[in-house]
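This is what each chain is made of:
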Amino acid sequence: MRFPQISRSLRQLSTYLFAIALGVLLTVSTLQVLPSQAEPAPTVTALDTSNLIAQRQSPASAAIGSTSFVTAAVNRVGSAVVRIDTERTITRRADPFFEDPFFRRFFGDSLPQQMPSEQLRGLGSGFIIDKSGLVLTNAHVVDKADKVTVRLKDGRTFEGKVQGIDEVTDLAVVKINAGNDLPVAPLGSSNNVQVGDWAIAVGNPLGFDNTVTLGIISTLKRSSAQVGISDKRLDFIQTDAAINPGNSGGPLLNGQGEVIGINTAIRPDAMGIGFAIPIDKAKAIAAQLQRDGKVAHPYLGVQMLTLTPDLAKQNNTDPNSPIQIPEINGVFVMRVVPNSPAASAGIRRGDVILQVDGKAITSAEQLQNVVEDSRLGQILQVKVQRGNQTQQISVRTAELQNAS
């Protein structure tokens, strides 16, 4: 009875072995037919693993997760950023009561002979642009200062001499004598700046020395008129990097640690809105200030407003409007400065400037830039509309004497 059972078990075992052999054969044949799909995965070394991780990391998380680029940028320029302390002595005007001869005879020497003076102190920032000791800052930081003290990050202090001030662009150059071992801030190009780029502000806000803030470039070519500084001729870089009083004159850096702007102004009624002078503009002005001590700016002598058909229509439909304005695009002349080039040429209040030297003018900022880029004494052909007629007026530019 056992022999049949053993025979049946052997047959089952043989069946199992045949199935296994058949499976191996089919697998081997498949590998031979599809070799590209059967190749083993490449061995990943430690170096390869780090590369794979780096490739999977998004640019945003890489920038946020590491502050090395900010540290490197600040280390590159930080030692060239300076603090500027200023002192100015003012004497208050005497009361006319004390100047009256009658009261002087009556009170004699008991009346004060001279009003007491007062010391005003200011604080700003700047950065060294040349090993000889040239410091670039804002004009409003050092304007009318009797004493300027420049303090380096390493603690050294030097008396500064103002070499030149340009109120129109709010730039100034200060010279210190400290040998030729001074650190110099690397200057970039503001023409290469794009909205969304990193922006790093360095300076001494509110007296807190060597402060660094980080943000982005919010917009470019924000005109001084839009910012609310009508007496300047600038197109600012706008940033949300924190800028506070005391930051004025300090550098605005890109992610590589190059100076792309000079921190200048803030909006007191807003947060996260600061403005910087483009460094390309500052380079040209600084060279003139170093050479001549001032910058000559041409002007026409008109107060102007950007005119659009909608604005003109609103004015014309107002029954109380004293003047009817052409419903066109151009620059409306609100006032002509007496004894100015515009007044001498015959431009009148109410004129609409349409073209300058054949180029269409559609905004007050555009007209200002055209005049700023002209030469002193250059004759500009200005096309204006006066009422229903157009006229061609030749205006010879002159030097702007007082920015205010």
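Just so we're clear, the structure is a prediction, and the values are computed from it rather than from any experiment.

### Focus: the overall build of the protein chain
Turning to step 1, where the next piece is worked out: A tally of helices and strands in the protein chain yields 13 helices and 20 strands.
Turning to step 2, where the next piece is worked out: Within the protein chain, the fraction of its 404 residues that count as buried is 37%.
Turning to step 3, where the next piece is worked out: Considering only contacts in the protein chain between residues 6 or more positions apart, those separated by 24 or more positions represent 64%.
Turning to step 4, where the next piece is worked out: When the accessible area of the protein chain is evaluated, it comes to approximately 23500 Å², of which 53% is carbon and sulfur surface.

### Description of the packing of aromatic side chains
Two measures describe an aromatic ring pair: the distance that separates the ring centres and the angle between the ring planes.
Turning to step 1, where the next piece is worked out: Throughout the structure, instances matching the rule amount to 2 aromatic pairs.
Turning to step 2, where the next piece is worked out: Taken together, a centroid distance of 5.2 Å and an interplanar angle of 45° make the contact between F69 and W198 tilted. With F69 in helix α5 (residues 68-77) and W198 in strand β7 (residues 198-203), this residue pair connects regions lying 129 residues apart in the sequence.
Turning to step 3, where the next piece is worked out: A ring pair is formed by F236 and F275, whose centres lie 5.9 Å apart and whose planes are at 55°; its orientation type is tilted.

### Some words on the sheet that holds β7
Note on sheets: strands pair through backbone hydrogen bonds, and any given pair is parallel or antiparallel.
Turning to step 1, where the next piece is worked out: Around the barrel, 6 strands lie side by side as β7-β8-β9-β12-β11-β10; this closed barrel has antiparallel pairing. Each adjacent strand pair in this sheet contributes to an overall mean axis angle of 45°, direction not counted.
Turning to step 2, where the next piece is worked out: Note: strand β8 (residues 211-223) against strand β9 (residues 235-239), 4 bridges, orientation antiparallel. Bridging across to β9, R222 finds its partner in F236.
Turning to step 3, where the next piece is worked out: α5 rests against β7, β8, β10 (251-253) and β11 (259-266) of the sheet, and its axis sits at about 45° to β7.

### Things to note about the pattern of salt bridges
Turning to step 1, where the next piece is worked out: Tallied over the entire structure, the rule returns 11 salt bridges.
Turning to step 2, where the next piece is worked out: Here D85 and R83 are joined by a salt bridge, their closest N and O atoms 3.0 Å apart. Here D85 matches R83 in class, with each residue buried.
Turning to step 3, where the next piece is worked out: A salt bridge links D181 to R156, with the nearest nitrogen and oxygen atoms 3.6 Å apart. Here D181 is found in the loop between β6 (171-175) and β7, whereas its partner R156 is found in the loop between β4 (147-151) and β5 (157-166), with 25 residues between them in sequence.

### A word on the confidence of the model for the protein chain
Turning to step 1, where the next piece is worked out: Here the protein chain shows a mean pLDDT of 82. Residues at 70 or above account for 76%.
Turning to step 2, where the next piece is worked out: Here residues 1-6 scores under 50 on pLDDT; set against residues more than four positions off or in separate chains, the count is 0 contacts.
Turning to step 3, where the next piece is worked out: Segment residues 19-62: pLDDT under 50, and 5 contacts once partners within four positions in sequence are set aside and those in other chains are kept.

### Quick look at helix α13 (residues 364-372)
Turning to step 1, where the next piece is worked out: The element α13 is largely enclosed, with a buried count of 7 among its 9 residues.
Turning to step 2, where the next piece is worked out: Among the residues of α13, those classed as buried are A364, Q366, L367, Q368, V370, V371 and E372.

### Details of α5
Turning to step 1, where the next piece is worked out: All of the buried residues in α5 are F69, V70, A73, V74 and V77. Summarising the axial view, the buried residues of α5 lie within an arc of 130°, below the 170-degree limit, and thus occupy one face.

### Regarding the environment of K144
Turning to step 1, where the next piece is worked out: Tracing the chain through its elements places K144 in the loop between α8 (139-142) and β4.
Turning to step 2, where the next piece is worked out: Sequence-wise, K144 and T86 are 58 residues apart; in three dimensions their C-alpha atoms are separated by 9.4 Å.
Turning to step 3, where the next piece is worked out: Those residues in contact with K144 that lie beyond four places of it in its chain are R88 and E167.
Turning to step 4, where the next piece is worked out: A polar contact of 3.2 Å, which involves the side chain of K144, links it to the side chain of D143.

### With respect to the sheet that holds β4
Turning to step 1, where the next piece is worked out: Taken together, 6 strands build a closed barrel; the order of strands is β1-β2-β3-β6-β5-β4 and the barrel is antiparallel. When the angles between neighbouring strand axes are averaged without regard to direction, this sheet yields 40°.
Turning to step 2, where the next piece is worked out: Here strand β3 (residues 134-137) runs beside β6; their pairing, made up of 4 bridges, is antiparallel. When the sheet's bridge partners are listed, L136 is paired in β6 with V173.

### A word on a nonpolar patch on the surface
Turning to step 1, where the next piece is worked out: On the surface, a cluster of nonpolar side chains totalling about 240 Å² of accessible area is made up of W198, L214 and I216.
Turning to step 2, where the next piece is worked out: By the secondary structure assignment, L214 is in strand β8.
Turning to step 3, where the next piece is worked out: The exposure class assigned to L214 is partly exposed, which follows from its relative accessible area of 43%.

### With respect to the side chain of T169
Turning to step 1, where the next piece is worked out: With respect to the element layout, T169 can be found in the loop between β5 and β6.
Turning to step 2, where the next piece is worked out: The class of T169 is buried, set by a relative accessible area of 0%.
Turning to step 3, where the next piece is worked out: In contact with T169, not counting residues within four places along its chain, are R233, L234, I277, K281, I285 and H297.

### Quick notes on the pairing of strand β16 (residues 352-356)
Turning to step 1, where the next piece is worked out: With 4 of 5 residues buried, β16 lies mostly within the body of the structure.
Turning to step 2, where the next piece is worked out: Pairing of strand β15 (residues 330-336) with β16, which is carried by 2 bridges, proceeds in the antiparallel orientation. Along β16, the bridge assignment pairs F332 with V352.
Turning to step 3, where the next piece is worked out: Examined bridge by bridge, β16 and strand β18 (residues 379-386) share 4 bridges and lie antiparallel to one another. In the strand pairing of β18, I353 is matched with V384.

### Topic: the side chain of S190
Turning to step 1, where the next piece is worked out: Relative to the helices and strands, S190 is located in the loop between β6 and β7.
Turning to step 2, where the next piece is worked out: You can call S190 buried: its relative accessible area is 10%.
Turning to step 3, where the next piece is worked out: When near neighbours in sequence (up to four residues on either side) are disregarded, S190 contacts I237, I260, P278, I279 and D280.

Calculation criteria
- Residues numbered from 1 in each chain as written.
- Predicted model: local features only at pLDDT ≥ 70, side-chain atom pairs only at ≥ 80, totals over all residues.
- Heavy atoms only, no water.
- Helix = DSSP H or I, 4+ residues; strand = E, 2+ residues; numbered from the N terminus.
- Buried < 20%, exposed > 50% of the residue type's maximum accessible area, 1.4 Å probe, protein only.
- Contact = heavy atoms within 4.5 Å.
- Areas by Shrake-Rupley, 256 points an atom, 1.4 Å probe, with all protein chains shown as cover.
- Phe/Tyr/Trp six-rings, centres within 6.5 Å; stacked < 30°, edge-to-face > 60°.
- Pairing = 2+ DSSP bridges.
- Axes fitted to C-alpha atoms, helices over the stretch in contact; angles between N-to-C directions.
- Salt bridge = Lys/Arg side-chain N within 4 Å of Asp/Glu carboxyl O.
- pLDDT = per-residue confidence, 0-100.
- Arc of directions from axis to C-beta.
- Polar contact = N/O pair within 3.5 Å; in protein donor to acceptor, adjacent residues only side chain to side chain.
- Patch = residues over 30% accessible without salt bridge, like charges linked within 9 Å, V, L, I, M, F, W, Y side chains within 5 Å.

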